[in-house]
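This is what each chain is made of:
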Amino acid sequence: MASVEMKNIVKRYGDGFPAVTDVSMDVADGEFMILVGPSGCGKSTLLRMVVGLEDITSGDMIIGGRRMNDLAPRERNLSMVFQNYALYPHLSVFENIAFPLRLRKAPEEEVQRKVREAADVLELHEHLDRKPANLSGGQRQRVAMGRAIVREADAFLFDEPLSNLDAKLRGQMRTEIARLQRRLGITTIYVTHDQTEAMTLGDRVCVLRKGVIQQVASPRELYEQPVNLFVAGFIGSPPMNFLPARLRGGTLATPFGDVVMDAKRAAGIGDRDLVLVGIRPEFFEDASLVDEAKKAYGSTFTAQVDVTEWLGDAQFAYIPYDAPEEVAAQLKELSRELDSDQLRTQAIVSIDSSSRIREGHEAEFWLDARKIHVFDPATGENLTRDSEAGAELTRLAEEDRAEQISEARASGMTVEG
Amino acid sequence: MSTKERNWWIVAGVLIIVYALFPIAWIVSLSFKAPADIANGQFLPTVFTWQNYSQILTGDAASLFLPALRNSFGICLIATFLACILAMFAAYAIARLNFRGKKLILSTALAVAIFPVISIVTPLFNLWRLIGLYDTWLGLIIPYLSLTLPLSIWTMSAFFREIPWEMEQAAQVDGATSWQAFRKVIVPLAAPGVFTTAILAFFLAWNDFVYGISLTSTNAARPVPAALGLFSGASQFEDPTGATAGAAVVVTIPVIILVLIFQRRIVSGLTNGAVKG
């Protein structure tokens, strides 16, 4: 058990490429921290610096109160699950899990007991004598986790552990990892590029972009109070829509009609002329299905529907719009950076699955104006962010976590040590 | 593949096997012929005889052949063993580390491998006599290393490159020192490569004739290929063809046994299951 503190961590490669720039972050004891970002954002590099596989150019890496910068991986007492599992093919599953114990010459009785315990937790009992080559992807993943948990390490590190599994198994393993972490109450740092994993697993999520921290917050705060365009666009699926708008005395003129802003949030926009309005797909609705009482909180507009996708429990409609030249380039750059190559400027709206809106027809939509955010198109900054409300969300999440951990520890389910 | 096409492949395969094995069959057949029978103009001996074998194993050629056999085994095994150990470290460094002069080491190894043996054997002969290595085991082991080491480094570094680096990192995170990671993870994974290299290196040393004949003069260190050249017939008018053929068969047998033993260790796909994809 230990906390992980990073102070002004910088990683610069030999050719001068800055992989990680001035990252400072605290991971509390027992916390599940997610590092997330598109490929090449430096999240794996950061994790490898924590474990010691990558040198730290400058800054302090403090684990459990000790500065670890110059210690070899084996002296840091951390365990890591690799993206490719990295199982030892010449050893049986039992010996793979026992490997860390054998290295520190643990007595045979202890090795037997701990490996059996880990196998119990991960349901690997009938596979203990097999070789990794004969296991399925999910089983290999569990063996890799077994090797990590027998160690009684100070922290778990995961490097995109689920990206090689198929979608269904990924969902199962995700739940499994969450359950295991809660049960063991061990500090965990988990790297992923998948925002679903980030949202579902993490107590807190750290969003990285080009080696720079954008925001560290609970999933709810990231979703509801993102600090900038990048975080807003990265978190959420389908992603947030960004509509160009011009401020005309308290109302925003968007391609989908005028949206009235309350005074407090309008004040944040100041005297900017052109802004980007961030609207989540679920803030839209088929106007014919909205209560009259609710309608007043937003505005209605009609638009041509390009495509609809009916999924049973939800329905998405795609509405193209024209963006002015100045922001079109900005939006294109953003979508490229988020690894999603959006070809045309279109809004994705989520409507009730019972809606009879049809493709290629005009339809009337309702837009909930209460939770929309306004961004500065040049800097990407969120002009309407309520940092107090955001901090409150993260505080609540932290309370939940503290409660879960103390419950887990009280019920004695954690591994001893 | 159609039946017709497959038949063609079978015919072609059989032809190639016959072509390749014919000289060996001939040697075997020769080794069973009595001296008078050797020029009988037919493939098989008219009378099968063990005479040649008894001559080299217990007869008058035994004093030449048996010590040579012992020398060959000892020298080649030691040279192979040393080459494998040294090449393992060298190949690991070449595959894993980025250091200055890496290319230089590889190209030097290649240059040594293609350097003609005959051109250095004379200076070596003089040098060895000067420093007392002439006609000793060590005097052959050192030049044999120059034959086997470059080849071993090249083949083994190819094998080491195939091993995912993550395996070693995982071991280090699990608490292994670099040496433990190398010994407990990398070496077992590289075992097929090590055995392949060992076989190749052993053949290379086993087959050497030039060093063997030039750097030795007595039974103290003379290897088999050199000894075969020194066989003499029963009289000066008689070629020792039968005895030479018998000895050739005898020295081929250990090589075949060696391959059969190690072949089981050269299993491809040992790294299966280590990593995904």
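Note that the structure is a prediction, hence the values are computed from the model and not measured. (Residues numbered from 1 in each chain as written. Chains lettered and ligands numbered in written order. Predicted model: local features only at pLDDT ≥ 70, side-chain atom pairs only at ≥ 80, totals over all residues.)

Colleague: Describe the overall build of chain A, naming the residues involved and giving the relevant values.
Modeller: The helix and strand inventory of chain A stands at 12 helices and 21 strands. Relative to the 2.2 N^0.38 estimate, which gives 22 Å for 417 residues, the radius of gyration of chain A is 24 Å and therefore close to what a compact globule would have. The dimensions of chain A, computed from C-alpha atoms along their principal axes, are 75 × 45 × 45 Å. Scored against the burial criterion, the 417 residues of chain A give a buried share of 43%. Partitioning the intrachain contacts of chain A with sequence separation of at least 6 by distance along the chain shows that 72% fall at a separation of at least 24. (Helix = DSSP H or I, 4+ residues; strand = E, 2+ residues; numbered from the N terminus. Rg over C-alpha atoms; globule rule 2.2 N^0.38 Å. Buried ≥ 20, exposed ≤ 12 C-beta atoms within 10 Å, placed from the backbone. Contact = placed C-beta atoms within 7 Å.)

Colleague: Please provide a residue-by-residue account of the overall build of chain B, values included.
Modeller: Summing up its helical and strand segments, chain B has 11 helices and zero strands in all. Going from N to C terminus, chain B has its helices and strands arranged as α-α-α-α-α-α-α-α-α-α-α. Reported as C-alpha extents along the three principal axes, the dimensions of chain B are approximately 70 × 65 × 30 Å. For chain B, the proportion of its 277 residues judged to be buried stands at 34%. In chain B, 76% of the contacts between residues at least 6 apart in sequence involve partners at least 24 apart.

Colleague: Explain the sheet that holds strand E17 (residues 307–310) of chain A to me, using residue names and the numbers behind them.
Modeller: Adjacent strands of a sheet form backbone hydrogen bonds with each other and so pair up, either parallel or antiparallel. All names here are of chain A. In space, the three strands of this open sheet follow the order E17-E18-E19, with antiparallel pairing throughout. The open sheet is flanked by E17 and strand E19 (346–351), the only strands paired with a single partner. Going from strand to strand, the sheet's axes swing by 20° on average, the running direction of each strand aside. Judged from the four bridges that link them, E17 and strand E18 (residues 315–320) form a sheet pairing that is antiparallel. Residue pairing for E18: Glu-309 is matched across the bridge by Phe-316. (Pairing = 2+ DSSP bridges. Axes fitted to C-alpha atoms, helices over the stretch in contact; angles between N-to-C directions.)

Colleague: Let's hear about the nonpolar core: which residues, and what values?
Modeller: Within the largest apolar cluster, 154 residues are counted, with the highest numbers of intra-cluster contacts made by Ala155(A), Leu157(A), Ile189(A) and Val277(A). No other element matches the 12 residues that helix H8 (residues 178–206) of chain B contributes to this core. Apart from residues no more than four positions distant in its own chain, Leu157(A) is found in contact with Leu47(A), Val50(A), Val51(A), Leu78(A), Met80(A) and Ile189(A). Ala61(B), Leu69(B), Ala227(B) and Val251(B) belong to the second-largest nonpolar core, a separate cluster that totals 14 residues. (Core = buried A, V, L, I, M, F, W, Y, C linked by C-beta atoms within 7 Å.)

Colleague: Run through the pairing of strand E13 (residues 257–260) of chain A, naming residues and quoting values.
Modeller: Residue and element names in this part refer to chain A. Looking at chain direction, strand E12 (residues 251–254) and E13 are connected through four bridges and run antiparallel. For Ala-253, the partnering residue across the bridge sits in E13 and is Asp-258. Here E12 hands over to E13 after two residues, the two strands then running antiparallel side by side.

Colleague: Report on helix H3 (residues 108–122) of chain A, specifying residues and quantitative values.
Modeller: All names here are of chain A. An ideal rise of 1.5 Å per residue puts 21 Å on 15 residues; H3 measures up with 21 Å between its terminal C-alpha atoms. Those residues of H3 that sit buried are Val-111, Lys-114, Val-115, Ala-118, Ala-119, Val-121 and Leu-122. Projected onto a plane normal to the axis of H3, the buried residues spread over an arc of 160° and lie on a single side. The outward face of H3, more than 90 degrees from its buried face, is lined by the exposed residues Glu-109 and Asp-120. Those residues of H3 that are buried are in contact with helix H2 (93–103), helix H4 (137–149) and helix H5 (167–184). (Expected span 1.5 Å × (residues − 1). Arc of directions from axis to C-beta.)

Colleague: Quick one: what's the story with the domain arrangement of chain A, residue by residue and with numbers?
Modeller: One frequently used descriptor of interface size is the decrease in accessible area upon assembly of the parts. Residue and element names in this part refer to chain A. Each assigned domain of chain A is listed with its residue range as follows: domain 1 (4–224 + 392–410) and domain 2 (237–383). Once you take the C-alpha centre of each, domain 1 and domain 2 turn out to be 37 Å apart. On the side of domain 2, four residues touch domain 1, which itself brings four residues to the contact. When grouped by side-chain class, the residues that make up the side of domain 1 that touches domain 2 number one nonpolar, three polar and no charged. (Domains from an automatic or database assignment. Nonpolar A, V, L, I, M, F, W, Y, C, P; charged D, E, K, R; others polar.)

Colleague: Tell me about unusual backbone geometry, and name the residues and values.
Modeller: Residues and elements named next belong to chain A. Following Ser-237, the chain continues into Pro-238 via a peptide bond in cis, with omega recorded as -5°. As for its placement among the helices and strands, Pro-238 is situated in the loop between helix H8 (229–234) and strand E11 (241–248). In this structure, Asn-77 takes a positive phi of about 50° despite not being glycine. Positionally, Asn-77 belongs in the loop between strand E5 (66–67) and strand E6 (78–81). Unlike most non-glycine residues, Ala-86 shows phi in positive territory, near 50°. Tracing the backbone shows Ala-86 in the loop between E6 and H2.

Colleague: Could you give an account of the sheet that holds strand E16 (residues 298–304) of chain A, with specific residues and numbers?
Modeller: All names here are of chain A. Ordered by their spatial adjacency, three strands build an open sheet running E15-E20-E16, and the pairing between neighbours is antiparallel. In this open sheet, the two edge strands, each paired with only one partner strand, are strand E15 (284–286) and E16. For this sheet, the mean angle separating the axes of adjacent strands, direction not counted, is 35°. Note that E16 and strand E20 (residues 362–368) share seven bridges and pair antiparallel. In the sheet register, Gln-304 faces E20, and the bridge partner there is Glu-362.

Colleague: Tell me about the packing of H8(B) against helix H11 (residues 241–263) of chain B, and name the residues and values.
Modeller: All names here are of chain B. Contact geometry for H8 and H11: axes closest at 10 Å, N-to-C directions at 175°. Classified by the angle between their axes, H8 and H11 sit roughly antiparallel to one another. Within the contact between the two elements, H8 uses Phe-195, Ala-198, Ile-199, Phe-202, Phe-203 and Trp-206 and H11 uses Val-255, Leu-258, Val-259 and Phe-262. By residue class, the composition of the contact of H8 with H11 is 10 nonpolar, no polar and no charged. (Parallel < 35°, antiparallel > 145°, perpendicular 65-115°, else oblique.)

Colleague: Which residues make up the packing of H2(A) against H4(A), and what values go with them?
Modeller: Residue and element names in this part refer to chain A. Put simply, H2 and H4 touch, their axes get as near as 7 Å, and they point 30° apart. As the angle between them shows, H2 and H4 are arranged roughly parallel. Pair H2 / H4 crosses with right-handed handedness. Here Val-93, Asn-96, Ile-97, Phe-99 and Pro-100 of H2 come into contact with H4, specifically with Val-143, Gly-146 and Arg-147. In terms of residue class, the contact of H2 with H4 is made up of five nonpolar, two polar and one charged. (Left-handed = near helix turned anticlockwise from the far one by under 90°.)

Colleague: Can you tell me about the interface of chain B and chain A, naming the residues and giving the values?
Modeller: Each side of the interface is counted separately: chain B has 23 residues, and chain A has 26 residues. Those elements that place two or more of their residues in the side of chain B that touches chain A are helix H7 (165–173) and H8 of chain B. Broken down by element, the residue count for the side of chain B that touches chain A peaks at six residues, all from H7(B). Looking at the side of chain B that touches chain A, its residues break down into 11 nonpolar, nine polar and three charged.

Colleague: Outline the environment of Ile357(A), supporting the account with residue identities and numerical values.
Modeller: Residue and element names in this part refer to chain A. Among the structural elements, Ile-357 can be located in the loop between E19 and E20. Separated by 100 residues in sequence, Ile-357 and Gly-257 have C-alpha atoms that sit 19 Å apart. Residue contacts for Ile-357: discarding those within four places in its chain leaves Asp-286, Val-305, Thr-308, Ala-317, Ile-351 and Ala-363.

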